[in-house]
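Structural overview for review
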Amino acid sequence: MTNSFRHQQLPLVFSEEVGEALHEGRPVVALESNVITHGLPYPDNAATARKVEEAVRAGGAVPATVAVENGRIVVGMTDADIDRFASTPGIPKVSSRDMPVVLAQGGMGALTVASSLVAAELAGIPFFSSAGIGGVHRGAERTMDVSSDLIQFTRSKVAVVCAGAKKILDLGLTLEYLETQCVPVVSYRSDDFPAFYCTSSGFRSPLRLDDDEVIARSIENHWALGNDSAFLITTTVRPEDAIDSDEVDAAITEAMRAAERDGVRGQAITKYLMRAVDRATEGRSARANMAVLVSTAEVGGRLAAAHAAYRKGLHG
């Protein structure tokens, strides 16, 4: 890695490609490294990370997968970095609350949505792409289980492109939370708020925009109005890659009953429910998961390119 910079006391290390792109004002999209370490086994996880990066390039932007290692924030993982993270067991998942400690300890850490937003803003990257965001969990009125992703959206000036959130969450309350926190939610070329690999969550999106430049102007307006928060853009998975919404709902309902019976709760519930959906769909949800990662990254690259072009026009 080259081009090491320091943000106050935090060292950011940029790959040569990402550093040059940012210096020249070209579009860059941040990507989470958690997909590498907590997804498929090696070497499929490394191949997946490269497919996602290629999708960003196909959209017209430079990918910057972010992680922490040796007390530094890595902005733009090289092929060697991806292979090292993909083949090293036991790398912890690092959310935004964990970052100060993991950086101080100097170990390796895979960044989630929330911590990737922190890294992206520090690095001056205005766009981040993820397959799906966290949200308000079902039963949150009893458990107070709300994803740190939602909290971080209120703190980071980054445009987030995603396929909505998984149906295992309470998507109605998730949208209510985002409205309460004044985080714009725009669905790209769709009337509905998507649910990861389901084209619709059953909820209408607060706003729909079809034009790339209008989205770019909207993002800049949001920040020009004094907001220090994220701008959320959802894009649906392609219909041929989608999973039927009713099929997923039925699997989740049955799994929730089983989880209650077996005493599964807290952080374990998400993995439990996702595995139940995968079994119910006979593995189709795993393939759809990959399709969402790629399609969202491509749209993220395209919108980042439109945003960079708009900014360039503003500043001559």
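Everything here concerns the structure above.
Description of the structure in this document. (Residues numbered from 1 in each chain as written. Predicted model: local features only at pLDDT ≥ 70, side-chain atom pairs only at ≥ 80, totals over all residues. Heavy atoms only, no water.)

Counting its secondary structure elements, the chain contains 13 helices and 14 strands. Against the compact-globule benchmark of 20 Å for 316 residues, the chain has a radius of gyration of 19 Å, which places it among compact chains. Looking at the chain residue by residue over its 316 residues, the buried ones come to 52%. Within the chain, counting contacts between residues at least 6 apart in sequence, those at least 24 apart form 72% of the total. When the accessible surface of the chain is summed, it comes to about 14300 Å², and 50% of that surface belongs to carbon and sulfur atoms. If you average the places of the 31 positive and of the 40 negative side-chain charges in the chain, the two averages end up 3 Å apart. (Helix = DSSP H or I, 4+ residues; strand = E, 2+ residues; numbered from the N terminus. Rg over C-alpha atoms; globule rule 2.2 N^0.38 Å. Buried < 20%, exposed > 50% of the residue type's maximum accessible area, 1.4 Å probe, protein only. Contact = heavy atoms within 4.5 Å. Areas by Shrake-Rupley, 256 points an atom, 1.4 Å probe, with all protein chains shown as cover. Lys, Arg positive; Asp, Glu negative; His and termini not counted. Charge placed at Lys NZ, Arg CZ, Asp CG, Glu CD.)

The next thing to look at is the pattern of salt bridges. Across all of its chains, the model carries 18 salt bridges by this definition. R26 is the salt-bridge partner of E24, the closest N and O atoms lying 2.8 Å from each other. R26 gets classed as partly exposed once you look at its relative accessible area, which sits at 35%. We note a salt bridge from R257 to E254, for which the minimum N-O separation is 2.9 Å. Separated by three residues within a single helix, R257 and E254 lie in helix α11 (residues 245–262), roughly one turn from each other. Each member of the salt-bridge network shares a partner with another, and the members are E17, E54 and R57. (Salt bridge = Lys/Arg side-chain N within 4 Å of Asp/Glu carboxyl O.)

According to the stated counting rule, one finds two cavities of 30 Å³ or more in the structure shown. Considering the residues around the largest cavity, the lining is formed by 13 residues, among which L31, E32, V35, V52 and L293 are closest to the centre. Within the residue set of the lining of the largest cavity, elements represented by two or more residues are β3 (28–32), α2 (34–37), α3 (44–59) and α13 (284–314). By residue number, the principal contributor to the lining of the largest cavity is α3, which donates three residues. A class-by-class count of the residues in the lining of the largest cavity yields eight nonpolar, three polar and two charged. The volume enclosed by the second largest cavity comes to roughly 50 Å³. Forming the walls of the second largest cavity are K166, K167, I168, A195, F196, Y197, V248, I252, M274 and V277. Of all the elements in the fold, those that place two or more residues in the lining of the second largest cavity are α11 and α12 (268–280). Classifying every residue of the lining of the second largest cavity gives eight nonpolar, no polar and two charged. (1 Å grid on protein atoms, 1.4 Å probe; cavity = no way out; pocket = protein on both sides within 12 Å on 5 of 7 lines; lining within 4 Å. Points joined across faces, edges and corners; volume = space filled by probe spheres on them. Nonpolar A, V, L, I, M, F, W, Y, C, P; charged D, E, K, R; others polar.)

Assignment of secondary structure puts H137 in the loop between β8 (127–129) and α7 (140–143). Overall, the relative accessible area of 14% leaves H137 in the buried class. If sequence neighbours within four positions are ignored, H137 has contacts with D145, L169, D170 and T270.

Turning our attention to the pairing of strand β12 (residues 198–204). Judged from the three bridges that link them, strand β11 (residues 192–195) and β12 form a sheet pairing that is antiparallel. Following the sheet pairing, D192 is matched in β12 by R204. Taking the residues between adjacent antiparallel strands as the criterion, β11 and β12 are bridged by two residues, where F196 takes a positive phi near 60°. (Pairing = 2+ DSSP bridges.)

Of the positions making up helix α1 (residues 16–23), those classed as buried are V18, G19 and A21. Along α1, the residues classed as buried sweep out an arc of 165° about the axis, all on the same side. Where α1 is buried, its residues contact β2 (10–14), β3, β4 (62–69) and β5 (72–75). The positive-phi residue at the C-terminal boundary of α1 is G25, with phi of around 75°. (Arc of directions from axis to C-beta.)

One face of the sheet, then the other: side chains in a regular strand alternate in exactly this way. For β4, a buried count of eight out of eight residues is recorded, marking the element as mostly surrounded by other parts of the structure. Because side chains alternate across β4, one face comprises the buried residues V62, A64, V66 and V68, and the other comprises P63, T65, A67 and E69, equally buried. Two elements, β3 and β4, share five bridges in a ladder whose sense is parallel. Opposite L31, over in β4, you have T65 as the bridge partner. Bridge analysis of β4 against β5 gives four bridges, and the strand direction is antiparallel. Across the sheet, the residue bridging to E69 is R72, located in β5. Linking β4 to β5, which pair antiparallel, is a turn of two residues; within it N70 sits at a positive phi near 55°. One ladder, built from two bridges, connects β4 with strand β7 (residues 109–111); its direction is antiparallel. Bridging from a neighbouring strand, V68 pairs with G109 of β7.

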